[in-house]
Amino acid sequence: MSQTNTREIINDIRGTKAVPGVCIVCPWHCPTEVFVRDDKVVWVRGNENAPNATTRCVKGVSSIHLSRDPDRLLHPMKKDKNGNFKAISWDDAFSYIAEKLQEIKEKHGPEAVAYLWHLDSNEMFSQQLFSQLYGTPNWSGHGAACDQSRRLAGIITYGHPLPTKDYENSRFIMLWGEDPLGPNQSLHENRELVEALKRNAKLVVVDPYRSRTAEKAHVWLPINPGTDGALALAMAYRIVESGKYDADFCENYIYGFEVFAEHLRSNGYTPQWAEGITGIKAETIIELADEFAETKPAIMDGLKGIVNYSNGFQSLRAIFTLNAITANIDGPGCLILKEAGPLAPPLLIPEEDVAIPERPIISAEMGYPLAPDIPSQLFPKAVLEGDPYPLKALFFHIVNPAMSDPNTALFKKMMAALDLSVTIDVYMSETAQLSDIVLPEASMFERAEVRESLWSGPQVIMAQPAIACLGDSKPLYEIMKGLAEKMGYGKYFEWNTWQDWAKVATANLPVSFEELKEKGVWHGELRYHKYLEEGFMTSTGRIEIYSEVLPEYGYDPMPTFDESGRAKPDQEYPFQLINGKLQYHCGTHTQNNPYLMAIEGENWAQLSTQDARRLGIEDGDRIELTSPVGRVEISVRIVEGLKDGIVRVVHGHGFGRTMGSIARGKGTHVNPIFDSQVNHICGGIGYNECKVSVRKVG
Amino acid sequence: MSQYGFYFDKEKCVGCRACEVACQIWNESVQTVKWRNVAMAVEGTYPQIVSVNVSLACMHCGDAPCKKACPRSAITKDEETGRVTVNQELCVGCMLCLWACPFGAPQMGIHGRMEKCTFCEDRPMGLKRACEEICPTQAIVSGEIEMLANFSKHNVGNRLMHDENPGVILGHEGD
């Protein structure tokens, strides 16, 4: 059943030309192949030269609609005095933006402009324009709504922001608040996970909800929400007390093991202590800790279910510490400290021309100096109150905080107060509707992208335009070039086609440009145990259980359990609200896809069978969720696999918007019930720090 | 004559429905019709719950009940591959095939005529079917029935090899 190079067979059947691409529906960026006939995409699949081979997830295969969606943005638009959008030329749009930016720079300084983006490596062009040339320090990803805690925990503990997983060789896998088989992650990782289970690797899933991954698990631990850190510390306690840690590794590669052991003892982080907090029996904790420590290689990792809590950063530090004390790091079957390929910047701005910002990045002055991305939920404070300093212009590229950030009412107020707001998107998103200028971007089928993949070894993807841009839409690199010319930085963007800059970016790869173009991917050697020669990229060169960096900023140097930021249910709001993602949608930009909407056309709130019965609620009923900051009405799904006392919601639907004819009016926008909570230390959004009451409507 | 078919691994299927959409797109079928369907069953009460996902399409049965049931002889079985296909020109939409099929594979499509999985008619044998090409966990495998039976045995054997406490010991000859 092995198949090699089947591209040509498909081209023959369908009279197509295959063009290598990359999927940007979700942040895992699987390499793809796009089959085109007469400038139309007729088939999409994974790139058979890449580890995901020909596979796609449901969102990926459905994304073909994006190449032909009549609801897409086709022209640059500007709001007139009455608040109605009018189509304008690119030239007018660029001139207007450049003029406003000049004004703002003169009056308030370049730091009054912030540019928020999401997951696209073409962002290097906006980085050059906004950060290096215009000079704002506030060019930031939208990680506050995403994996911020994990990234910072990785950097502080391992000196690596994005450890990947080698499921293939693993024998014990424990995932905390992470559902790779549900909303999906790297396709090759998912395939390797189910294959590892076939070879009797053990899977443990910690999640109050029986997720898709929990369905496949040998052990499902429905934990009390937000208490994962306590469970991880208790497991560490058991491993240290029973002497099952790897003494050699701890001595040679860990910084602060002895103080950590003492820290566990003096704080009394025992399995008995954790039982009372997590709702998981002490004997289960001991059993799992022993099995984990004795089964090698193993993986411990966590994601969305952890990062959405105020204490998520420290919980992940504790989880990462478990890998460390058992020497389960960067080896076969462990978390891998991924290496990147030797990509170069597409254009180099001479050092003497690079602007040096006068003020630090705004997150530092907001009180989150270690936040990898700016806590965007605090933008309204900066815009409306000038705290910590005023922001006058905001750029949004393929991010939609009007839908994804908490407190929608406050966000709207902020947008109205800006001097300039620009959204670059494929759709007329909720955020675009609130902006002054909307710029239509080409979809992933119409533009090039050169990027590192999320495979464990070095791997570079070269995605190429498969069809012509729809309407007047442009790839981001052309938008940035056009804007740069009006801003007086044209001389730094002196390339004509994407190939010109892609050649520069890939010049250091040990593969010819033509071969890379043909295959669409290049991968190097997956090296294990890189720390043996190179150490870890932390300040001490070791894995830092005791961080040298954290105390400098007044934070606890070691993983702790802290519930002070938790919004715990009480009499008035008796339910804990938790967040999830749908298997069939991603964020707020797949809701106009007919294939996906046919599978799941709305979002809903989930209640346990017991709770629903107690409240007299039946499947499909409408309920009202009320939190201290807002209320929403939503449909109910009753599920067996959910702990009592919890309401689980999935976000992304509920557009009252002009974004698309299919999305409009379906489901409920749930974010008005979230408060603008900021997670400790990392600055992420604390979506799950939310308590609600539940009332049946009608 | 050979018989081609599908192997499906419920342990690998995560219920993502990528196969359904892949089938719709490759075969350009209308969206209200699904030639491949993912069914999900859940049993038990919290926290002891079991569930299973099953992706089903036409089984291209050796002795196809739909073919026997069709009063118009619209359904044929391909001699060479064992594919079961329908001639829509002959179909009058009487739905007897649907009653006869134990898997619910026949779908009533445009103009009320039956349509269903064609085993990706235009894909040469040896190339993966569209659903199989896309399936993220490779839970679907297509091929000749004999090959699939061997593949299945191989999978079971593999499982025992990795089982630390096997309930069965396999004997073997020679060294």
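Look above for the structure.
Read on for a plain summary of the structure. Nothing here was measured: the structure is a model prediction, and the numbers come from that model.

A look at the overall build of chain B
Right, so step 1: Along the backbone of chain B there are five helices and eight strands.
Right, so step 2: N-terminal to C-terminal, the α/β element order of chain B is β-α-β-β-α-β-β-α-β-β-α-β-α.
Right, so step 3: Oriented by its inertia axes, the alpha-carbon framework of chain B measures out at about 60 × 45 × 25 Å.
Right, so step 4: Every one of the 175 residues in chain B was classed for burial, and the buried ones make up 36%.
Right, so step 5: For chain B, the proportion of contacts with a sequence separation of at least 24, taken over those separated by at least 6, is 56%.

Thoughts on the sheet that holds strand β18 (residues 449-452) of chain A
Adjacent strands of a sheet form backbone hydrogen bonds with each other and so pair up, either parallel or antiparallel.
Residue and element names in this part refer to chain A.
Right, so step 1: Ordered in space as β18-β19-β20, the three strands form an open sheet in which the pairing is antiparallel. Looking at the sheet topology across the chains shown, the edges are occupied by β18 and β20 (521-523). Shown here is a sheet whose adjacent strand axes are inclined to one another by a mean of 10°, direction ignored.
Right, so step 2: With four bridges connecting them, β18 and strand β19 (residues 459-463) associate as antiparallel partners. Across the sheet, Glu452 pairs through a bridge with Val460, a residue of β19.

Description of the interface of chain B and chain A
Right, so step 1: Tallying the contact residues gives 37 residues for chain B and 38 residues for chain A.
Right, so step 2: Every element with two or more residues in the side of chain B that touches chain A is listed here: α1 (18-26), β2 (37-45), β3 (48-56), α4 (130-134), β8 (140-144) and α5 (145-162) of chain B.

Brief notes about the sheet that holds strand β13 (residues 298-302) of chain A
All names here are of chain A.
Right, so step 1: The strand order across the open sheet formed by four strands is β11-β10-β9-β13, and the pairing between neighbours is parallel. Taken across any chain shown, the strands that pair with only one partner, and hence form the sheet edges, are β11 (219-221) and β13. Strand-to-strand, the axes of this sheet are offset by a mean angle of 10°, without reference to chain direction.
Right, so step 2: The pairing of strand β10 (residues 202-206) with β11 spans three bridges and is parallel. Across the sheet, residue Val204 finds its bridge partner in β11, namely Val219.

Thoughts on the nonpolar core
Right, so step 1: By size, the foremost hydrophobic cluster in this structure holds 265 residues, and its most contacted members are Leu231, Leu233, Met235, Ala236 and Val647 of chain A together with Ala18 and Ala22 of chain B.
Right, so step 2: Look past the residues within four positions of Ala18 of chain B in its chain and what remains in contact with it is Arg56, Cys57, Val58 and Val61 of chain A together with Ile134, Cys135 and Pro136 of chain B.

What to know about unusual backbone geometry
Right, so step 1: Looking along the chain, the bond that leaves Lys296 of chain A and enters Pro297 of chain A is cis, with omega of -5°.
Right, so step 2: Within the secondary structure, Pro297 of chain A is located in the loop between α13 (282-294) and β13.
Right, so step 3: Look at the link from Tyr46 of chain B to Pro47 of chain B: it is a cis peptide, with omega at -5°.
Right, so step 4: Mapped onto the secondary structure, Pro47 of chain B falls in the loop between β2 and β3.

So, how was this worked out
Residues numbered from 1 in each chain as written. Chains lettered and ligands numbered in written order. Predicted model: local features only at pLDDT ≥ 70, side-chain atom pairs only at ≥ 80, totals over all residues. Helix = DSSP H or I, 4+ residues; strand = E, 2+ residues; numbered from the N terminus. Buried ≥ 20, exposed ≤ 12 C-beta atoms within 10 Å, placed from the backbone. Contact = placed C-beta atoms within 7 Å. Pairing = 2+ DSSP bridges. Axes fitted to C-alpha atoms, helices over the stretch in contact; angles between N-to-C directions. Core = buried A, V, L, I, M, F, W, Y, C linked by C-beta atoms within 7 Å.

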